[in-house]
Amino acid sequence: MVERSEGRTDLAAQAAGIDVVAFDPEARVWVTRAGAEAGRPGLVPVPRLEGCLRADAGTLDDDADDFGHLVHEVPAVVLQAESADDVAEMIKLCNDYRVAAAARGQGHATYGQAQVAEGLVIETSTLDGIGPVTAGQVTVGAGAVWSAVARQTLRHGLTPPVFTDYLELSVGGTLSAGGLGGQAHLYGAQVDNVLALEVVTGTGEVVTCSPTRQPDLFHAVLAGLGQCAVIISATLRLVTAPETVRHFLLPYADLETFLADQRLLAGDQRFAYVEGTAEPDESGAYTKYVLEAVAYGPPAGPARDDGALLRGLRYDRAGQISAQTLGYFDFLNRLADGVAALQQEGFWSWCHPWLNLLLPGDRVAELSRTLLDGFAGQDVGPGGVVLLYPLVHRRLHTPLLRVPDDPVPYLMAVLWTLDPADQAAVSARTAANRVAYETVRAAGGTQYPVGSVPMTAADWRGQYGKLWEEFDAAKRRYDPHRLLAPGQHVFTA
């Protein structure tokens, strides 16, 4: 916690967000400039920083919340970092006095994953630089959002291969989780397209790692949920970008046919992007399905007519079909207008108890039908959606991104938006998420850990399976006091 001095107003500190200048190891409190000037003994000065260490109520309250609005753990202090050295020096100080710390990008977690009670939150949004595009790669700060990365690389006719559907997420945030999107059947996840990382370990060491340079750390950080290090920057692989894309929305009335056509497209690669949704019918049952498929045009792909692209697909010809040509960035950024409307209407600040599960492909029809039947009559809320789409296992190389042992696993993501005034419904949804997770786990599935699913220590051991001991060893090596990212509960559950 931060101790504030009584009866004195430091206008300079107020303007700077109540700068924290010292730590009192005996009282275990952070001390502002005003408190330090009062002459209390035994204070440990904070290191010289390029950024700012803040403890004003507004900053602490912001970082005690996230997009889920379900968990609220108030930190003691917040670092708005400007460099790797800022992060390193503060983590060293935290190590000395056993203060927990966690990195926060855009605050888009849904279950307190980037929160840390009475600890240090490291805001990486200020580490948003985007380096020059050279030799088919670019190095970007952990706080850069994917929309900005895309805009910069497209000036050179290049693009990261894989995007999450929503572009205003930080690079460090998605690389800590995995980064799945509709291009993953071709290119793997975002973590599979990282060439190198600059990180600060849990001991405060600044390290550049890659598949050939400290590979154990590299593989412990990618999809590692912030457990071993804080990502400072990432060097990303780039591919040729199309100028335009052909975008299709194809209706289906039968789940098995929908899934089979998705599997077909994941294998024959005629489309660079394949996703899909399940939608309720008039009775509220989830019996309507829409396959979303996107073909890249020149220079990234060949010019093909619609007949060739849709050949062999068994969609409902009598249903509502959409086919349109879009600019490539317009396609990537297709959610922007809808998000802006949700923000304007106030729904963006509602609770988001999301459910993200990875289903084994050989049981996807059975499992998805069971889960969808459980959602019958339940509105996912404004802007909510039920996603269901295939991945290709051989494209997914990152060890800590745990997917079912199946050639074509599927992601089911139920993106709920619930009224915060109805906390009973929010709590019930979180509990139902847990039941859904247990159903999928029993069938050989896993959790994609960006949602709102309570997890026990045994769950995490099961999630990582044979890699658990290796992950635990990396934690002990690079974060020996287990101070990083406690909100994930991987090693503290």
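Worth saying up front: this structure is predicted, and the values here are computed from it rather than measured.

## What about the overall build of the protein?
Then comes step 1: Helices and strands together make up the secondary structure of the protein, namely 16 helices and 22 strands.
Then comes step 2: Relative to a compact globule of 493 residues, whose C-alpha radius of gyration would be 23 Å, the protein shows 23 Å and is just as compact.
Then comes step 3: Along the longest, intermediate and shortest principal axes, the C-alpha atoms of the protein span 80 × 55 × 45 Å.
Then comes step 4: Taking all 493 residues of the protein together, 57% fall into the buried category.
Then comes step 5: Here the contacts in the protein between residues at least 6 apart in sequence split such that 72% fall between residues at least 24 apart.

## Focus: the sheet that holds strand 12 (residues 206-209)
Then comes step 1: Strand order in this open sheet of 4 strands is 9-13-11-12, and the pairing throughout is antiparallel. In this open sheet, the two edge strands, each paired with only one partner strand, are strand 9 (137-141) and strand 12. Strand-to-strand twist of the sheet, defined as the mean angle between neighbouring strand axes without regard to direction, takes the value 20 degrees.
Then comes step 2: Pairing of strand 11 (residues 194-201) with strand 12 involves 4 bridges; the strand directions are antiparallel. Considered in strand 12, the bridge of glutamate 198 is made with threonine 208.

## Things to note about the pairing of strand 20 (residues 385-390)
Then comes step 1: A large share of strand 20 lies buried, amounting to 5 of its 6 residues.
Then comes step 2: Of the pairings in the sheet, the one linking strand 16 (residues 273-280) to strand 20 comprises 2 bridges and is antiparallel in character. By the bridge assignment for strand 20, threonine 277 is matched with leucine 387.
Then comes step 3: Both strand 20 and strand 21 (residues 410-415) contribute to a ladder of 6 bridges, which runs antiparallel.

## Remarks on the nonpolar core
Then comes step 1: Within the largest apolar cluster, 119 residues are counted, with the highest numbers of intra-cluster contacts made by Leu175 and Leu197.
Then comes step 2: If you tally residues by element for this core, the top one is strand 17 (residues 286-296), at 7 residues.
Then comes step 3: Here leucine 175 is in contact with Trp146, Gln190, Val191, Val194, Leu197, Val221, Leu222, Ala223, Ile231, Ala234 and Leu236, once residues within four sequence places are set aside.
Then comes step 4: Listed in part, the 27 residues of the second largest apolar core include Val46, Leu53, Ala55 and Leu484.

## Regarding the confidence of the model for the protein
Then comes step 1: Averaged over every residue, the pLDDT of the protein is 95; residues scoring 70 or more account for 96%.
Then comes step 2: Every residue in residues 1-17 is under pLDDT 50, and counting partners more than four places away or in other chains gives 36 contacts.

## Details of the pattern of salt bridges
Then comes step 1: Within this structure, the stated rule accounts for 19 salt bridges.
Then comes step 2: With a shortest N-O distance of 2.5 Å, arginine 441 and aspartate 459 are connected by a salt bridge. Within this pair, whereas arginine 441 is found in helix 14 (residues 423-442), its partner aspartate 459 is found in helix 15 (residues 457-464), the two being separated by 18 residues in sequence.
Then comes step 3: Taking the relative accessible area as the measure of exposure, arginine 441 reaches 35% and is therefore partly exposed.
Then comes step 4: Overall, the relative accessible area of 3% leaves aspartate 459 in the buried class.
Then comes step 5: For lysine 475, the salt bridge goes to aspartate 479, with nearest N and O atoms at 2.7 Å. Considered together, lysine 475 and aspartate 479 belong to a single accessibility category, that of buried residues.
Then comes step 6: Each of the salt bridges in this network shares a partner with another, and the network as a whole consists of Arg434, Glu438, Arg441 and Asp459.

## A short note on the pairing of strand 6 (residues 77-80)
Then comes step 1: Taken together, the 3 bridges between strand 5 (residues 52-54) and strand 6 define a ladder with antiparallel strand orientation. Paired with arginine 54 across the two strands is valine 78, which belongs to strand 6.
Then comes step 2: By the bridge criterion, 4 bridges tie strand 6 to strand 8 (residues 120-123) in an arrangement that is parallel. Opposite leucine 79, over in strand 8, you have isoleucine 122 as the bridge partner.

## Digging into the environment of glutamine 115
Then comes step 1: With respect to the element layout, glutamine 115 can be found in the loop between strand 7 (101-104) and strand 8.
Then comes step 2: Glutamine 115 sits in the buried class, given a relative accessible area of 3%.
Then comes step 3: There is a polar contact of 3.2 Å between the side chain of glutamine 115 and the side chain of aspartate 66.
Then comes step 4: Within the structure, the side chain of glutamine 115 is placed 2.9 Å from the backbone oxygen of valine 71, a separation counted as a polar contact.

## Side note on a negative patch on the surface
Then comes step 1: A cluster of acidic side chains, namely Glu50, Glu82, Asp85 and Asp128, defines a negative patch on the protein surface.
Then comes step 2: Within the fold, glutamate 50 resides in the loop between strand 4 (44-45) and strand 5.

## Description of the packing of aromatic side chains
Then comes step 1: For the coordinates displayed, the defined rule picks out 19 aromatic pairs.
Then comes step 2: Where phenylalanine 258 meets tyrosine 289, the ring centres are 5.5 Å apart and the plane angle is 25 degrees; that geometry is what we call stacked. Taken together, the residues phenylalanine 258 in helix 9 (residues 255-268) and tyrosine 289 in strand 17 connect sequence positions 31 residues apart. Across this residue pair, the class does not change: phenylalanine 258 and tyrosine 289 are buried.
Then comes step 3: Through pairs of rings, three or more aromatic residues link up here, namely Trp460, Tyr464, Trp468, Phe471 and Phe491.
Then comes step 4: A cation over an aromatic ring shows up here: arginine 317 above the ring of tyrosine 315, its NZ or CZ 3.9 Å from the ring centre.

## Brief notes about the sheet that holds strand 22 (residues 446-447)
Then comes step 1: With antiparallel pairing, 8 strands are arranged side by side in an open sheet as 18-15-17-16-20-21-19-22. The strands lining the two open edges of the sheet, one partner per strand, are strand 18 (322-327) and strand 22.
Then comes step 2: Relative to strand 17, strand 16 is paired through 8 bridges, and the arrangement is antiparallel. Residue glycine 276 lies in a different strand from strand 17, and its bridge partner there is leucine 291.

## Overview of helix 13 (residues 364-375)
Then comes step 1: For helix 13, which comprises 12 residues, the first-to-last C-alpha distance of 16 Å matches the rise-based estimate of 16 Å (1.5 Å per residue) to within 8%.
Then comes step 2: Regarding helix 13, the residues found buried are Val364, Leu367, Ser368, Leu371, Leu372 and Phe375. Seen along its axis, helix 13 keeps its buried residues to an arc of 125 degrees; they face one direction.
Then comes step 3: Just past helix 13, the residue glycine 377 takes up positive phi, approximately 80 degrees.

What counts and what doesn't
Residues take numbers from 1 onward in each chain, read along the sequence in its written order. Totals for whole chains, interfaces and linings use all residues, but because this is a predicted model, local features are given only for residues with pLDDT of at least 70 and pairs of side-chain atoms are given and counted only at 80 or more. Values reported for side chains reflect all heavy atoms of the structure, with hydrogen atoms and water molecules removed beforehand. Secondary structure follows DSSP: runs of H or I at least 4 residues long count as helices, runs of E at least 2 residues long count as strands, and numbering of each begins at the N terminus. Restricting the calculation to C-alpha atoms gives the radius of gyration, and the globule rule supplies 2.2 Å times the number of residues raised to the power 0.38. Relative accessibility thresholds used throughout: buried, under 20% of the residue-type maximum; exposed, over 50%; partly exposed, between the two (1.4 Å probe, protein chains only). The contact rule is simple, with two residues in contact once any of their heavy atoms fall within 4.5 Å. Strands were regarded as paired on the criterion that DSSP finds at least two bridges between them. Interaxial angle, 0 to 180 degrees, is taken between N-to-C directions of lines fitted to C-alpha atoms, where a helix line uses only the stretch in contact. Here, the term nonpolar core denotes a set of buried Ala, Val, Leu, Ile, Met, Phe, Trp, Tyr and Cys residues that are joined through side-chain atoms within 4.5 Å. Confidence scores labelled pLDDT are given residue by residue by the predictor and lie between 0 and 100. Think of a salt bridge as a Lys or Arg side-chain nitrogen and an Asp or Glu carboxyl oxygen that are within 4 Å of each other. Two N or O atoms form a polar contact when they lie within 3.5 Å of each other; inside protein one atom must be a possible hydrogen donor and the other a possible acceptor, and for residues adjacent in sequence the pair counts only when both atoms belong to side chains. For patch building, the residue pool is restricted to those with more than 30% relative accessible area and no salt bridge; the joining distance is 9 Å between like charges and 5 Å between nonpolar side chains (Val, Leu, Ile, Met, Phe, Trp, Tyr). To measure how exposed things are, a 1.4 Å probe is used in the Shrake-Rupley method; for residues, cover is taken only from the protein chains shown. The charge count treats Lys and Arg as positive and Asp and Glu as negative. His and the chain ends do not count. Note that the charge is assigned to NZ on lysines, CZ on arginines, CG on aspartates and CD on glutamates. Whether two aromatic rings pair depends on their centres lying within 6.5 Å, for rings of Phe, Tyr and Trp, where Trp uses its six-membered ring; planes under 30 degrees apart make the pair stacked, over 60 edge-to-face, and the rest tilted. The criterion for a charge sitting over a ring is simple: Lys NZ or Arg CZ within 6 Å of the ring centre, and within 35 degrees of the ring normal. The span you would expect from a helix comes to 1.5 Å times its residue count less one. When we speak of the arc, we mean the arc of directions from the helix axis to the C-beta atoms.

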